[in-house]
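Residues per chain are reported as follows:
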Amino acid sequence: YDFWRETLGSPKYIMAPMVDHSELPFRMLGRKYGVDLCYTPMLHANMFNSSEKYREEMFTTCKEDRPLVVQFCANDPQILLQAAQRVED
């Protein structure tokens, strides 16, 4: 509960992730109409760690795009951790 309240700010309106529609422009449109919390598209943690091009093309955000839940898929906990650490803050 503390994380929900203190870190995320007790979001009331949450926009669920949509396949091929959760990129930054869609999230910002939702935020314009009152969405408090958004999700990124599902990102492949291994590709996210190993490819700068993949990171630049698949993960975009801005300071107004907060709070934001970044989704990763992975089958190795260390790779997942490394990807998560890249998007902290």
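See above for the structure.
Residues numbered from 1 in each chain as written. Predicted model: local features only at pLDDT ≥ 70, side-chain atom pairs only at ≥ 80, totals over all residues. Heavy atoms only, no water.

### Description of the packing of aromatic side chains
1) Next: One pass over the full model with this rule turns up two aromatic pairs.
2) Next: Between Phe-48 and Phe-59, the ring centres sit 5.9 Å apart and the planes meet at 80°, which makes this aromatic pair edge-to-face. Residue Phe-48 is found in helix H3 (residues 45–50), and its partner Phe-59 is found in the loop between helix H4 (52–58) and strand E3 (68–73); the two are separated by 11 residues along the sequence. In this structure, Phe-48 and Phe-59 share a single accessibility class: buried.
3) Next: Look at Phe-48 and Phe-72: their rings are 5.1 Å apart centre to centre, the planes differ by 70°, and that puts the pair in the edge-to-face class. (Phe/Tyr/Trp six-rings, centres within 6.5 Å; stacked < 30°, edge-to-face > 60°. Helix = DSSP H or I, 4+ residues; strand = E, 2+ residues; numbered from the N terminus. Buried < 20%, exposed > 50% of the residue type's maximum accessible area, 1.4 Å probe, protein only.)

### Details of the nonpolar core
1) Next: Judged by nonpolar contacts, Met-15, Val-35, Cys-38, Leu-43, Ala-45, Phe-48, Tyr-54, Phe-59, Leu-68, Phe-72, Ala-83 and Val-87 together constitute the single largest core of 12 residues.
2) Next: Secondary-structure elements contributing two or more residues to this core are strand E2 (37–44), H3, E3 and helix H5 (77–87).
3) Next: Every residue in contact with Val-87, bar those within four places of it in the chain, is listed here: Phe-48, Phe-59, Val-70 and Phe-72. (Core = buried A, V, L, I, M, F, W, Y, C linked by side-chain atoms within 4.5 Å. Contact = heavy atoms within 4.5 Å.)

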